[in-house]
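Each chain, written out:
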Amino acid sequence: MSKISTHPFEDDTLDDKLSEECAVFGVFGSSEAHLLTALGLHALQHRGQEATGMVTFDGNQFHAKRGLGHVSENFNASSMQMDELAGHAAIGHNRYSTTGQSEIRNIQPFLTELAFGEFAIAHNGNLTNAERVRRSLVDTGSLFQSTTDTEAIIHLVARSRRSKPEERIKEALLQIEGAYALVALIDDMLIGVRDPLGVRPLILGKINHSYLLTSETCALDIIGASYIRDIDPGEMVLIDQNGVTSLRISEIVKSRFCIFEYIYFSRPDSVIEKKSVYNARKMIGAELARESDISADLVIPVPDSGVPAALGYAQQSGIKFEFGIIRNHYVGRTFIQPSQDARSSSVMMKHNANSEIISGKDIILVDDSIVRGTTSRKIVKMMREAGAKSVHMRIASPPTINPCFYGVDTPNKANLIAAQHSLEEIRDEIEADSLAFISIDGLYRAMGEHSRDKDTPQYCDACFTGDYPIAPSRNFISGSKNNDR
Ligand code: AMP
């Protein structure tokens, strides 16, 4: 993998991208595989709310169900289809994409019949050379049924001349670049793979005698499963009736786990790479207070994503913590909306000021990130309308100035407020009395590192630094202009 140390594409018109951050889950060897998967996907709902799907195997037949919307709308006790999904092995997926292509044909897991039998696959991440691979496959006769990059893997597996499915998958993945956590199901095996740099998470768990794969540990807790270990970067695990076998698909290199998983994406009750997401966020908040403390009456989190960081900030600064904003939980994540209008109104639908607490106070608002600035602008305004004397915004991540090509939905550079404006301009734009972001070194300190290793940073932090650990292919970017964000 080549490393690019400057932003590879200064031309913003090329910046639009297909983007998906998703959840994967899989289980092998349980008579309740379908039920465990439904629960696991429910715990992973925060990673994707657009669509969900499950493929199961009952020893004779594969079964599949996919649908738009939340897990509970598609897989619930009253759903007749749950019985039809009964099996001893299952994989599932929650999809979060940004494109207008919320079509059934794009909902994973995909299930196809290959030379060795049926093959189901689900993917979290983004393949950076997918467009190029896809074009060459189409040029040589492949017919694609979806518009997702994941389908390229299926075609590569189908074309491999290797005999064993796992060898075919390995051969396919050697032609793929990008970030991925994959789960795949064939008739006698559950397979999990993590990309060579381990950008996206994948965890191995166990319940009774059955092994599980999940994007996050919170999906183990919901079913009472125990954590075994994180799948290593570049590792493939084969799970069958004999247990777990580990293979390597790439050499061992220093991993580059996505730091934004800790900042925002993962659930705070999850533990990734042995680090509690909640504790990481608190430490980031404490470091933020050390870097940019200011006197105020209250520390107020922007719920829910700003809560642990605000708590860390309050504990470090000694300023009282209060819930000055109440969140309506029946609205999805702000970002996961089709248009700017819908996003703006859903900020109001989602948050309301707790005026009694805020009125007449100097407040510090803590949020995890500013992306377009939509949330901050609305929230600051809301605080003022609730009578706040002054509003100081503190952000528990460095300014987001670059898009992510590895599966987190950040918009193109033109829509990233910090890529277009100075700190003072952003402060002015969101109408805060003061604004500070944690520094990149402060972020690394909060993560327990001495400092950010400039040659090979410990994490993927490209959204903050432009240091992309996997080259985003120009074909991938310019070929994916069907994204409207
Ligand atoms: P914005 O309103 O565009 O500035 O977005 C910032 C808000 O969106 C923050 O409150 C974050 O909690 C949340 N956020 C940041 N990154 C993402 C993402 N990739 N997907 C969904 N929500 C996000």
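Each value, and the rule that gives it
- Residues numbered from 1 in each chain as written.
- Predicted model: local features only at pLDDT ≥ 70, side-chain atom pairs only at ≥ 80, totals over all residues.
- Heavy atoms only, no water.
- Pairing = 2+ DSSP bridges.
- Helix = DSSP H or I, 4+ residues; strand = E, 2+ residues; numbered from the N terminus.
- Axes fitted to C-alpha atoms, helices over the stretch in contact; angles between N-to-C directions.
- Contact = heavy atoms within 4.5 Å.
- Near = heavy atom within 4 Å.
- Polar contact = N/O pair within 3.5 Å; in protein donor to acceptor, adjacent residues only side chain to side chain.
- Areas by Shrake-Rupley, 256 points an atom, 1.4 Å probe, with all protein chains shown as cover.
- 1 Å grid on protein atoms, 1.4 Å probe; cavity = no way out; pocket = protein on both sides within 12 Å on 5 of 7 lines; lining within 4 Å.
- Points joined across faces, edges and corners; volume = space filled by probe spheres on them.
- Nonpolar A, V, L, I, M, F, W, Y, C, P; charged D, E, K, R; others polar.
- Phe/Tyr/Trp six-rings, centres within 6.5 Å; stacked < 30°, edge-to-face > 60°.
- Buried < 20%, exposed > 50% of the residue type's maximum accessible area, 1.4 Å probe, protein only.
- Lys NZ or Arg CZ within 6 Å of the ring centre and 35° of its normal.
- Core = buried A, V, L, I, M, F, W, Y, C linked by side-chain atoms within 4.5 Å.

Draft legend 1. A look at the sheet that holds strand S11 (residues 226-230). One open sheet accounts for 7 strands, arranged S3-S2-S4-S1-S10-S9-S11; its pairing is antiparallel. Two strands bound the open sheet, and with one partner strand each, they are strand S3 (62-68) and S11. In this sheet, adjacent strand axes meet at a mean angle of 15° when their direction is disregarded. Pairing analysis gives 7 bridges linking strand S2 (residues 51-57) to strand S4 (residues 89-95), with the strands arranged antiparallel. Each bridged residue has a counterpart across the sheet, and for Ala-51 the counterpart in S4 is Arg-95. Sitting on the sheet, helix H1 (residues 33-43) is in contact with strand S1 (23-28), S2, S4 and strand S9 (203-207), with an inclination near 20° to S4.

Draft legend 2. Representation of the site of the ligand. The immediate surroundings of the ligand are formed by 16 residues, with Asp-367, Asp-368, Arg-372, Gly-373 and Thr-375 found nearest. In this structure, Tyr-264 approaches the ligand through a side-chain N or O atom, which is 2.8 Å from a nitrogen atom. Burial of the ligand by the surrounding chains reaches 97%, relative to a free accessible area of 500 Å². Elements that contribute at least two residues to the shell around the ligand include exactly helix H8 (259-265) and helix H13 (374-385).

Draft legend 3. Broad picture of empty space enclosed by the protein. All told, the structure shown has 2 cavities of 30 Å³ or more when counted by the stated rule. Looking at the largest cavity, it is lined by 14 residues, and the ones nearest its centre are Cys-258, Cys-404, Cys-460, Ala-462 and Cys-463. Partitioning the lining of the largest cavity into residue classes produces 12 nonpolar, no polar and 2 charged.

Draft legend 4. Examining the packing of aromatic side chains more closely. Overall, the coordinates contain 12 aromatic pairs when judged by the stated rule. Between Tyr-264 and Phe-265 the ring centres are 5.7 Å apart and the planes differ by 75°, which places this aromatic pair in the edge-to-face class. A relative accessible area of 2% means that Phe-265 is categorised as buried. Aromatic ring contacts, followed pair by pair, group Tyr-96, Phe-260, Tyr-264, Phe-265 and Phe-464 into a single cluster. Here Lys-65 stacks its cationic end above the ring of Phe-75, 5.8 Å away from the centre of that ring.

Draft legend 5. Focus on unusual backbone geometry. In this structure, Pro-109 follows Gln-108 across a cis peptide bond, with omega equal to 0°. By secondary structure assignment, the location of Pro-109 is in the loop between S4 and strand S5 (110-114). If you check the backbone angles, Asn-208 has positive phi at about 50° while not being a glycine. For Lys-274, which is not glycine, the phi dihedral falls at a positive 65°. Among the secondary structure elements, Lys-274 is positioned in the loop between strand S15 (271-272) and strand S16 (275-276).

Draft legend 6. View of the nonpolar core. The biggest cluster of nonpolar side chains holds 44 residues, and the ones touching the most others in it are Ile-259, Tyr-262, Ile-263, Ile-284, Val-299, Val-366 and Tyr-406. Among the elements that take part in this core, H8 stands out by supplying 6 residues, more than any other. Excluding anything up to four places from it in sequence, Ile-263 contacts Arg-281, Ile-284, Asp-368, Ala-396, Ser-397, Leu-443 and Phe-464. If you look at the next biggest cluster of nonpolar residues, it comprises 28 residues, including Ile-121, Leu-173, Ile-176 and Leu-182.

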